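An overview of the molecular structure
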Amino acid sequence: MSKTISGFSKLGKQEKINWLAEHFSAAPQDFSRELSAWQHPDAKVQGIVDGFTENAIANYVLPYSIAPNFVINGKTYAVPMVIEESSVVAAASSAAKFWQERGGFHAEVIGTVKLGQVHFRWFGGPERLREIFPKLQSRLLDSCADLVANMEKRGGGVRGIELIDFRDVEPDYYQLRVAFETCDSMGANFVNSVLERFAETLEAFFTDSAELADTERDVEVIMSILSNYTPDCLVRAWVECPIAAFADLARSQGMDAGTLAERFALAVRIAQIDPYRATTHNKGIYNGIDAVVLATGNDFRAIEACGHTYAARDGQYRSLSRCTVENGLFHFELEIPLAMGTVGGLTALHPLAKRSLEILGHPSARELMCITAVVGLAQNFGAVRSLITTGIQQGHMKMHLTNILNHLGASPEDAAAAQHYFQAQTVSFSSVRAFLEGRRVTPNPTVSPNPSSV
Ligand code: MEV
């Protein structure tokens, strides 16, 4: 039976499911029934969700959670987070509570510049290009007047056009690097539309400008697209407290406050020094950032790609956060590029993205940048605090216990007993299975025997 198909996108949703069931499932009826069930009960909502991508056949569910008690610049937020990983939301909430009692979080936006590029080849000399560039620039700006009119009314628009000469690494290759202000929108469509207009105008300029010689008319636009690297769309979040404020935490770990603060700072310095550790350290930051970015309908791939490039901006991949312990003061901060929007795109369409923005008090893009950076910092704080004290597994596996119990098909009574028992025991897949077997529970027969699949 052929597993290829032409015209898949033309099939209706149920037809797509049926075709998949028939060609790719060992139990077509179950398959069809299950996928058909993962739909929103309100057909209008389902229609909106289906409209996001091509070939949508079902909704893939992730938990929508809340991390309360985030005090940021004196204002209290309950932060929506979409993430599947055990203990991330618990760690964020715990860090929020910890800092709520120590002055809260602080954050400021350093810049909001978005960038785009027109890549082109020109075969005349660079001096001549520089000479005619002012004329080209004003023609480019004139050509996009209709596209930028609304954005300009909101205070945004094109902020600058730079000509960059790459001929030392690629013959005849130049670039227009364009800076944009897109206000509260992420602005991807706006930026790309303006860039494509610039590309047309660039070609027309070389073709029809009277002052150019015939030998100067040859130009080739390669592509026009926004850059997801926006190092000047930047936010800084920080916490600060006297070292003595760590006394209780340190005592519970058999340390003094100074030792705990120093250990924390050393762990962050290690992530500055070593890319292997930096990658994991920054992944912990993005546990928080991605969860808020997803919950608010923003583009987590763009934000991650940008952050990782930023983390390597001096040529080596490093921690995005920094920590100092000086003059009795603990200071921990995160500086991170976050190109986010609160209007347009998915923020206006996804029902839960809209709810997230409501929960956050309808923030501006700048305020959302601050909130998101703070959650990244909180997540990083929670992870490093665990790593230098109890280790990460204690909290993680406690949260993971629920997944294991569900996986093993534990009854509510057995699950409650297990939750109680494992408060004082090490959680692992096999220890939980042994506990349930000890209570003479037959594991669910559909369960995979492979614990690593959990
Ligand atoms: C796990 O998702 C994230 C951590 O590995 C982050 C870190 O090591 O800093 C705990």
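Residues numbered from 1 in each chain as written. Predicted model: local features only at pLDDT ≥ 70, side-chain atom pairs only at ≥ 80, totals over all residues. Heavy atoms only, no water.

**Observations regarding the domain arrangement of the protein**
On domain assignment, one finds that the protein holds domain 1 (8-50), domain 2 (64-111 + 231-390), domain 3 (114-227) and domain 4 (395-453). Put simply, the middle of domain 1 and the middle of domain 2, counted by C-alpha atoms, are 38 Å apart. (Domains from an automatic or database assignment.)

**A few points about the site of the ligand**
As a matter of local geometry, the ligand sits amid Glu85, Arg277, Thr280, His281, Lys283, Gly284, Asn287, Ala383, Leu387 and Ile392. Contact distances for the ligand include 2.9 Å between an oxygen atom and a side-chain N or O atom of Asn287. In isolation the ligand offers 300 Å² of accessible surface; the protein chains occlude 83% of this area. The dominant element in the shell around the ligand, judged by the number of residues it contributes, is helix α10 (residues 275-295), at 6 residues. Here the shell around the ligand is composed, by residue class, of 3 nonpolar, 4 polar and 3 charged. (Near = heavy atom within 4 Å. Polar contact = N/O pair within 3.5 Å; in protein donor to acceptor, adjacent residues only side chain to side chain. Areas by Shrake-Rupley, 256 points an atom, 1.4 Å probe, with all protein chains shown as cover. Helix = DSSP H or I, 4+ residues; strand = E, 2+ residues; numbered from the N terminus. Nonpolar A, V, L, I, M, F, W, Y, C, P; charged D, E, K, R; others polar.)

**Things to note about the sheet that holds strand β10 (residues 329-337)**
The strand order across the open sheet formed by 4 strands is β3-β8-β10-β9, and the pairing between neighbours is antiparallel. The sheet is open, and its two edges are formed by β3 (106-109) and β9 (321-326), each paired on a single side. On average, adjacent strands in this sheet sit at an angle of 15° to one another, irrespective of strand direction. Across 6 bridges, β9 lies against β10 in antiparallel orientation. Residue pairing in the sheet places Val325 in a bridge with Phe330 of β10. Where α10 meets the sheet, its contacts fall on β9 and β10, and the angle it forms with β10 comes to roughly 75°. (Pairing = 2+ DSSP bridges. Axes fitted to C-alpha atoms, helices over the stretch in contact; angles between N-to-C directions. Contact = heavy atoms within 4.5 Å.)

**What about unusual backbone geometry?**
You will see that Cys183, though not glycine, has its phi angle at about 55°, which is positive. Here Cys183 shows up in the loop between β6 (173-181) and α7 (188-208). For His362, which is not a glycine, the phi torsion comes out positive at approximately 50°. Among the secondary structure elements, His362 is positioned in the loop between α13 (351-359) and α14 (365-387).

**Describing the packing of helix α15 (residues 392-407) against helix α16 (residues 412-421)**
Geometrically, a packed helix pair is captured by the angle between its two axes and the distance between the axes. Interaxial distance between α15 and α16 falls to 11 Å at its minimum, and their mutual angle equals 150°. Judged by the angle between their axes, α15 and α16 are roughly antiparallel. Here α15 and α16 pass one another in a crossing that is right-handed. Residues Leu401, Thr402 and Leu405 of α15 form the contact with α16, whose own contacting residues are Ala415, Ala418 and Gln419. A class-by-class count of the residues in the contact of α15 with α16 yields 4 nonpolar, 2 polar and no charged. (Parallel < 35°, antiparallel > 145°, perpendicular 65-115°, else oblique. Left-handed = near helix turned anticlockwise from the far one by under 90°.)

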